[in-house]
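Analysis of the macromolecular model
Here is how the chains run, residue by residue.
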Amino acid sequence: MYPVNYHRAKSVAEAVKLAKGEAKYISGGMTLIPAMKTRLAAPSDVIDLSHINELKGVKVSGKTVTIGAATTHFNVAHDEKLAKVCPAITHLAGEIGDPHVRYCGTIGGSIANNDPAADYPAALLALDATIVTNKRSIPAAKFFKGLFETSLKDGEIVTAVTFTAPAKAGYAKFRNPASRYAMTGVFVAKTKDGVRAAVTGAGDDGVFRSKEVEAALAKKFEASALDGVKVSAQNLMTDLHAGADYRANLIAVMAKRAVAQANG
Amino acid sequence: MGMEGIGARVARKEDKRFITGAGRYVDDMVVPGMKHAVFVRSPHAHAQIKKIDTKAALAMPGVIGVLTGKELKADGIGNLICGWMIHSKDGTPMKMGAWSPLAFDKVRYVGDAVVVVVADTKGQARDAAEAVDITYKELKAVVSGADATNKGVPQLHPEAENNLIFDWGLGDEKAADAALASAAHVTTMNIVNNRLVPNAMEPRAALGYYDKAEDHYTCWTTSQNPHVARLVMSAFYNVAPENKLRVIAPDVGGGFGSKIYIYPEEIVCLWASKKTGVPVKWVADRTESFLTDAHGRDHHTTVKMGFDKDNKIVGLKVDTIANLGAYMSLFSSATPTYLYATLLSGQYDIAAIYGNVRAVYTNTAPVDAYRGAGRPEATYVLERTMETAARELGVSPAELRRKNFVKSFPHQTPVIMCYDAGDFGASLDAAMKAIDYAGFAKRQAASAKNGKLRGIGMSTYIEACGIAPSAAVGSLGAGVGLWESAEVRVNAVGTIEVLTGSHSHGQGHETTFAQLVNQRLGVPIDSVSIVHGDTDKVQMGMGTYGSRSGAVGMSAIVKALEKVEAKAKKIAAHLLEADESDIVIENGALKVAGTDKNVPWFQMALAAYTAHNLPAGMEPGLKETAFYDPANFTFPAGCYICEVEVDPETGMTDILRFVAADDFGNIINPMIVEGQVHGGLAQGVGQAFLEGCHYDATGQLLTASFMDYCMPRADDLPSFEVSHQCTPTPSNPLGMKGCGEAGAIGSPPAVINAITDAIGNNDLSMPATPQKVWAAVHATKN
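Residues numbered from 1 in each chain as written. Chains lettered and ligands numbered in written order. Predicted model: local features only at pLDDT ≥ 70, side-chain atom pairs only at ≥ 80, totals over all residues.

This brings us to the pairing of strand β21 (residues 528–531) of chain B. Of the two faces of β21 of chain B, only the one carrying Val528 and Ile530 of chain B is buried; Ser529 and Val531 of chain B on the other face are not. For the segment spanning strand β20 (residues 496–500) of chain B, helix α14 (residues 509–521) of chain B and β21 of chain B, crossover handedness is right-handed. (Buried ≥ 20, exposed ≤ 12 C-beta atoms within 10 Å, placed from the backbone. Helix = DSSP H or I, 4+ residues; strand = E, 2+ residues; numbered from the N terminus. Right-handed = clockwise from strand over helix to strand, strands pointing away.)

Here is the structure:
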């Protein structure tokens with residue numbers, strides 16, 4: 001790691017003020033710190049957002065859910081009120097990484113990094129969530145832009161994520177055997193506006209909605225609706241661990257399992 | 001069996017310091033004035049070095065030295081060598097290319113060391129390393145052993161035409177050909193044994209300290225065999241004569257073979273310490289471990305096994321290409337030859353065998369012995385072929401094996417080895433019973449109801465360890481003898497130090513060796529200390545690998561103990577005024593047999609050192625030495641059975657059960673032996689369905705971190721069910737065969753045989769990743 005200046009921000013306003021030059025915001029640091037250790041990332045300053053109280057916590061008001069950006073995966077996974085209205089998201093959070101990652105990593109950090117194999121982007125896209133920053137509100141569909149890219153501008157900080165709890169939802173992922181990141185993960189949600197299914201870990205341009213899965217589930221929100229459904233391998237990722245064809249198969253299989261989970 | 005003697009499940013003495021973080025590893029060593037080294041390594045798999053500019057690096061803060069291969073050569077430091085001579089079939093010696101500790105003309109794999117930077121801190125050394133400007137002219141690379149000898153392929157070393165190091169054969173080719181020609185059935189397979197990265201928990205490290213006042217060097221290093229390191233660094237690398245070089249291997253966190261070899265870094269640290277006038281420490285980071293630790297396996301093999309009409313094996317022919325990487329590591333030539341083809345008879349009585357092995361250079365990390373070394377490759381070839389033959393012949397895999405087992409001992413195979421003892425049927429029976437082999441069909445049907453494919457597969461392995469009779473290995477090309485030494489020092493108060501040339505890097509020697517002393521003398525293990533890993537303390541020794549510490553190292557201790565006991569009896573007889581032949585050693589005392597007359601052990605020891613009242617002419621003191629050279633290899637053998645369930649939708653394999661029935665001969669500490677088996681199985685099962693080292697076509701290592709290289713985790717593995725059968729070896733005084741490698745040797749074919757049984761498709765290679773298994777299921781369906 002190159003020498004770096006560390007700043008602990010107490011408020012979002014202070015964090016914005018501290019951002020200068022080659023500074024980077026850090027929350028759980030689950031991606032940034034390993035990259036810094038191998039010298040692949042070299043910020044001059046890191047501004048720690050994980051101690052800002054206004055960014056922490058889960059609020060559930062009726063069907064409206066708001067999760068503070070600096071809420072850890074552990075705290076999302078164990079939020080009882082959230083589990084009542086949207087158990088799929090607490091399940092998802094409880095399956096991210098390992099206990100160390102879940103104690104440190106945060107939802108804001110995860111989505112701001114937008115790793116193409118991260119779990120949350122699939123949930124937020126399927127739930128049609130809104131990402132709230134210190135400057136504006138951005139719909140998930142506009143927020144996630146390709147691999148490790150978002151519509152965040154310089155100095156813009158994610159402060160919360162908000163969505164309406166769906167009637168039903170489920171998440172199933174197939175892990176990369178080595179990294180245990182999602183090699184393919186599918187989040188399905190039955191909302192008042194219809195069925196949405198978002199896929200992570202498989203697209204060559206990051207998280208996306210699967211038309212094939214959504215069309216099949218729109219007819220019937222049952223695992224059997226996906227029998228014989230062929231997902232196209234076009235625009236899917238091929239790497240050492242999985243080819244596009246295999247990932248296409250996994251999308252259909254994980255979608256089935258997510259629906260089965262949603263239907264309890 | 002006493003509470004602490006042979007056969008007792010004594011908790012490991014060394015674990016207290018390990019689990020409380022009090023172990024002392026090379027990185028814990030601090031010498032006054034010590035500085036830090038970072039190596040500048042080649043980013044290219046194959047390139048000429050056009051220019052090395054160190055000016056900017058030398059001007060960086062904290063930098064003490066920036067040293068190159070040319071300076072190292074000018075100081076007379078030698079090239080790295082391979083210590084086992086192999087001759088090709090045409091009688092020519094193997095073609096060894098030059099391996100300079102720091103490359104100066106050409107780099108041959110990603111990670112090849114080119115420049116060393118020494119600075120006050122590791123961070124400064126790393127900054128300066130980035131400022132070293134090396135101009136390369138990139139060359140095309142070859143990475144697959146199967147391609148290495150093709151026409152038009154890039155050439156690595158001028159010494160090795162067509163990248164061929166040797167073309168070697170063992171056995172009788174004509175007899176094997178004739179047997180296959182007359183066979184009623186021939187099973188043919190093409191088999192790849194995947195390349196592995198050893199991944200010891202502690203990365204390699206070295207601390208070189210040149211003491212100008214004494215003109216003496218000390219090297220702390222992560223070694224499985226510090227005396228061999230001293231010998232090789234003195235005799236071949238001209239670092240210093242042996243009497244001017246002390247090598248210390250303190251606590252070492254795992255080796256698995258990868259820490260047998262002498263690498264460039266320890267040589268460079270010693271040389272750089274003299275050059276810069278400061279002690280120089282280097283500790284690998286995990287990326288360096290992936291890139292530069294000697295890798296394991298990497299064979300391409302064609303095998304033909306012939307059967308007569310009664311399903312008896314009549315002949316076996318094996319043709320293997322062994323990829324040795326960019327340079328020949330210390331024992332790289334022995335692994336795919338005398339540790340491989342000599343085991344091609346397996347547990348079977350086969351009259352005609354021929355093994356041909358071509359070793360080749362490629363632009364990849366050097367390949368050498370990794371847990372099992374050659375024997376896993378032989379077992380995988382044989383046991384996949386046996387299982388496949390059983391399917392082709394429509395007979396039970398267990399009964400096909402049983403029919404062909406060697407049943408009387410000693411048994412001379414056509415490939416050098418003479419099996420001294422064993423009962424292969426006993427392990428097969430034990431394993432089949434343990435897994436309820438007969439009930440498999442019912443379990444398979446239950447899985448099918450849940451949409452899952454259940455399979456069962458076995459492997460009956462044999463290995464040669466207790467390495468090795470010195471004259472025998474010498475005649476086969478070894479540059480060293482493979483005996484072991486021991487020294488037993490009885491102190492004046494009766495406590496005991498055992499100095500051994502074996503080296504413990506996880507094996508538990510501090511406990512098991514003390515248990516042997518307890519068994520012989522009756523003194524508590526707490527009053528026995530095991531001293532190892534320091535060339536200034538321990539006389540010459542050969543180290544730990546090839547499951548040799550029990551069979552060879554402990555046998556040396558037995559020999560030294562016998563001498564101690566003989567002298568102790570003489571002293572006791574003198575003190576008790578009894579006949580020496582009437583003295584027995586029991587429960588920490590020397591007794592006159594059949595009487596209550598005795599002298600306690602400590603009192604006898606005190607008498608030896610006060611020397612007030614010793615037999616006439618006896619030298620004072622009580623300390624004896626022995627060198628033990630084994631009479632034969634030992635032959636651990638066993639049967640492993642694996643049961644899996646495959647999810648056809650995803651290709652995910654769940655290893656439901658894994659049963660191991662091993663015959664290691666006599667066992668000192670069953671708990672430690674079980675631990676060794678569990679660890680070996682984890683590595684073997686890991687090879688079978690998780691671990692795979694991949695280079696791309698340009699020679700970049702794609703699996704250079706745990707993000708892409710899949711190490712087994714606890715939740716990937718079942719709870720192993722192990723049992724032991726026992727036919728003691730007559731080849732050493734303890735009847736012990738060795739247990740360190742068996743798990744890694746026997747398990748990969750059991751796993752693959754189980755998966756291929758489940759999916760009904762035999763076309764599957766290791767590691768059997770979900771994607772590969774899914775594709776194989778899919779291919780079967782179509």
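Read on for the rest.
On to the sheet that holds strand β13 (residues 299–307) of chain B, then. Residue and element names in this part refer to chain B. Taken in spatial order, the five strands line up as β7-β15-β14-β13-β8 in an open sheet, and their pairing is mixed. Sheet topology places β7 (164–171) and β8 (185–193) at the edges, where each strand pairs with a single neighbour. Each neighbouring strand pair of the sheet contributes to a mean axis angle of 10°, computed without reference to strand direction. Packing against the sheet, helix α5 (residues 173–181) makes contact with β7, β8, β13, β14 (313–323) and β15 (352–360), and its axis sits at approximately 125° to β14. (Pairing = 2+ DSSP bridges. Axes fitted to C-alpha atoms, helices over the stretch in contact; angles between N-to-C directions. Contact = placed C-beta atoms within 7 Å.)

A few words on the environment of Glu624 of chain B. All names here are of chain B. Relative to the assigned elements, Glu624 resides in strand β25 (residues 623–628). What makes Glu624 buried here is the crowd of 20 C-beta atoms within 10 Å. With 95 residues separating them along the chain, Glu624 and Ser529 place their C-alpha atoms 15 Å apart. In contact with Glu624, not counting residues within four places along its chain, are Val488, Ala560, Lys563 and Val564.

Across the boundary between the two partners, chain A contributes 12 residues, which contact 14 residues of chain B. Sorting elements by how many residues they give to the side of chain A that touches chain B places helix α11 (residues 244–262) of chain A first, with four residues.

Moving on: the packing of helix α17 (residues 670–689) of chain B against helix α18 (residues 742–759) of chain B. Residue and element names in this part refer to chain B. The geometry of α17 relative to α18 is characterised by a closest axis approach of 7 Å and an angle of 40° between their N-to-C directions. As summarised for this structure, α17 and α18 are arranged oblique, according to the angle between their axes. Seen along the crossing, α17 lies across α18 with a hand that is right-handed. Between α17 and α18, the residues in contact are Val677, Gly679, Gly680, Leu681, Gln683, Gly684, Val685, Gln687, Ala688 and Phe689 and Ala742, Gly743, Ala744, Gly746, Ser747, Pro748, Val751 and Ile752, respectively. Counted by class, the contact of α17 with α18 contains 10 nonpolar, eight polar and no charged residues. (Parallel < 35°, antiparallel > 145°, perpendicular 65-115°, else oblique. Left-handed = near helix turned anticlockwise from the far one by under 90°. Nonpolar A, V, L, I, M, F, W, Y, C, P; charged D, E, K, R; others polar.)

Residue and element names in this part refer to chain B. The strand order β3-β5-β1-β12-β9-β10-β11 describes an open sheet built from seven strands, whose pairing is mixed. Where the open sheet ends on each side, the last strands, each with one partner, are β3 (63–68) and β11 (245–248). Strand-to-strand twist across the sheet, computed as the mean angle between neighbouring axes with direction ignored, equals 20°. Sheet topology note: the strand β9 (residues 205–211)/strand β10 (residues 216–221) ladder contains six bridges and is antiparallel. Residue Ala206 lies in a different strand from β10, and its bridge partner there is Thr221. Where helix α4 (residues 122–131) meets the sheet, its contacts fall on β1 (35–41), β3 and β5 (113–119), and the angle it forms with β1 comes to roughly 25°. Its contacts with the sheet put helix α6 (residues 226–235) on β10 and β11, and the angle it makes with β11 is roughly 145°.

Turning our attention to the confidence of the model for chain B. Scored by pLDDT, chain B comes out at a mean of 97, with 99% of its residues at no less than 70. Of the two predicted TM-score estimates for the complex, the pTM is 0.97 and the ipTM is 0.96. (pLDDT = per-residue confidence, 0-100.)

Residues and elements named next belong to chain B. For the pair helix α15 (residues 549–576) and helix α16 (residues 601–610), the least separation of the axes is 10 Å and the interaxial angle reads 95°. One element, α15, and the other, α16, form an angle in the roughly perpendicular class. Residues Ala568, Ile571, Ala572 and Leu575 of α15 form the contact with α16, whose own contacting residues are Met604, Ala607 and Ala608. For the contact of α15 with α16, the residue count by class is seven nonpolar, no polar and no charged.

Between its first and last C-alpha, α11 of chain A extends 26 Å over 19 residues, near the 27 Å set by a 1.5 Å rise per residue. Gly264 of chain A lies just past α11 of chain A and shows a positive phi near 65°. (Expected span 1.5 Å × (residues − 1).)

All right, on to unusual backbone geometry then. Put simply, Ile467 of chain B and Ala468 of chain B share a cis peptide bond, and its omega is 0°. Among the structural elements, Ala468 of chain B can be located in the loop between β18 (453–462) and α13 (470–475). Cis peptide bonds are those with omega within 30 degrees of zero, and the linkage from Met766 of chain B to Pro767 of chain B qualifies with -10°. Within the element layout of this structure, Pro767 of chain B appears in the loop between α18 and α19 (770–781). Positive phi, close to 55°, is recorded for Phe148 of chain A, a residue that is not glycine. Its location among the elements puts Phe148 of chain A in the loop between α9 (140–143) and β8 (158–164). Given 13 C-beta atoms within 10 Å, Phe148 of chain A falls into the partly exposed group.

Judged by nonpolar contacts, the single largest core of 340 residues is most densely connected at Val186, Phe187 and Val188 of chain A together with Val117 of chain B. In contact with Val188 of chain A, other than residues within four places in its own chain, are Ala126, Ala169, Gly170, Val195, Ala197, Leu217, Ala255, Ala258, Val259 and Ala262 of chain A. (Core = buried A, V, L, I, M, F, W, Y, C linked by C-beta atoms within 7 Å.)

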